[in-house]
Amino acid sequence: QVQLLESGGGLVQAGGSLRLSCAASGGSIVSYAMGWFRRAPGKEREFVGRTSLGSSVLYPESVKGRFTISRDNAKNTVYLQMNSLKPEDTAVYYCAAGQPRSILYDYWGRGTQVTVSS
């Protein structure tokens, strides 16, 4: 059973940066595709990015060029570097782990709050 723990959220002004971490235990991130999602109040969960085998990375247009996902396999941790933050990036951010060839995710963290003030 893989457990994921997000950290690094907080309050930041528009235009600022934050780096979120997702520490995994009970399994190696090397074996999984790791995704980031977010949910803003009153909105559906939104895909933020994904890193899979071979370090391939996928982002939606809403964050492309501003957000970067990276892995530290030795630390069993995935990161989400967020730059040029906007108030509309305010949400709870979740990381998830799934099988590399599946679009579904088997394990989810509890999330970390990111608030961007204007």
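Check the entry above for the structure.
Conventions and cut-offs
- Residues numbered from 1 in each chain as written.
- Predicted model: local features only at pLDDT ≥ 70, side-chain atom pairs only at ≥ 80, totals over all residues.
- Heavy atoms only, no water.
- Phe/Tyr/Trp six-rings, centres within 6.5 Å; stacked < 30°, edge-to-face > 60°.
- Lys NZ or Arg CZ within 6 Å of the ring centre and 35° of its normal.
- Buried < 20%, exposed > 50% of the residue type's maximum accessible area, 1.4 Å probe, protein only.
- Helix = DSSP H or I, 4+ residues; strand = E, 2+ residues; numbered from the N terminus.
- Pairing = 2+ DSSP bridges.
- Core = buried A, V, L, I, M, F, W, Y, C linked by side-chain atoms within 4.5 Å.
- Disulfide = S-S within 2.5 Å.
- Axes fitted to C-alpha atoms, helices over the stretch in contact; angles between N-to-C directions.

(A) Focus on the packing of aromatic side chains. Considering all chains together, one arrives at 5 aromatic pairs under this definition. Here a set of aromatic residues connected by ring pairs shows up, and it is made of Phe 37, Phe 47, Tyr 105 and Trp 108. Positioned over the ring face of Tyr 79 is Arg 19, at 4.1 Å from the centre of the ring. Between the NZ or CZ atom of Arg 45 and the centre of the ring of Phe 37, over which it lies, the distance is 5.5 Å.

(B) The arrangement of the pairing of strand 9 (residues 91–98) in detail. The element strand 9 is extensively covered by neighbouring structure, given that 6 of its 8 residues are classed as buried. Inspection of the sheet shows strand 9 paired to strand 11 (residues 112–117) by 3 bridges, in the antiparallel sense. Within the sheet, the bridge partner assigned to Tyr 93 lies in strand 11 and is Thr 112. In this structure, strand 9 lies alongside strand 10 (residues 107–108), joined through 2 bridges in antiparallel fashion. Across the sheet, residue Ala 96 finds its bridge partner in strand 10, namely Trp 108.

(C) Geometry of the nonpolar core. Core analysis: the biggest nonpolar cluster contains 28 residues, and Leu 4, Met 34, Trp 36, Phe 67, Leu 80, Met 82 and Tyr 93 have the highest contact counts within it. Elements represented by at least two residues in this core include exactly strand 3 (18–25), strand 4 (33–39), strand 7 (67–72), strand 8 (77–82), strand 9 and strand 11.

(D) Structural detail: the pairing of strand 1 (residues 3–7). On strand 1, burial follows the alternation: Leu 4 and Glu 6 on one face are buried, whereas Gln 3, Leu 5 and Ser 7 on the facing-out side are not. Note that strand 1 and strand 3 share 5 bridges and pair antiparallel. Bridged to Glu 6 within strand 3 is Cys 22.

(E) Structural context of the state of the cysteines. This structure, assessed with the given rule, holds 1 disulfide. A sulfur-sulfur distance of 2.0 Å marks the disulfide that ties Cys 22 to Cys 95. In this structure the cystine formed by Cys 22 and Cys 95 twists about its S-S bond by roughly 55 degrees; its chirality is therefore right-handed. With Cys 22 in strand 3 and Cys 95 in strand 9, this residue pair connects regions lying 73 residues apart in the sequence. Owing to a relative accessible area of 0%, Cys 22 belongs among the buried residues under this scheme.

(F) Representation of the sheet that holds strand 3 within the structure. Reading across the sheet, the 4 strands line up as 1-3-8-7 and stay open at both edges, with antiparallel pairing between neighbours. The open sheet has two edge strands with one neighbour each: strand 1 and strand 7. Each adjacent strand pair in this sheet contributes to an overall mean axis angle of 20 degrees, direction not counted.

(G) Main features of unusual backbone geometry. For Asn 76, which is not glycine, the phi torsion reads 55 degrees and is therefore positive. Mapped onto the fold, Asn 76 is located in the loop between strand 7 and strand 8. Asn 76 gets classed as buried once you look at its relative accessible area, which sits at 14%. Backbone geometry at Ser 84 places phi at a positive 50 degrees, although glycine is not the residue there. By the element assignment, Ser 84 lies in the loop between strand 8 and strand 9. On the basis of relative accessible area, Ser 84 is assigned to the partly exposed category, the value being 41%.

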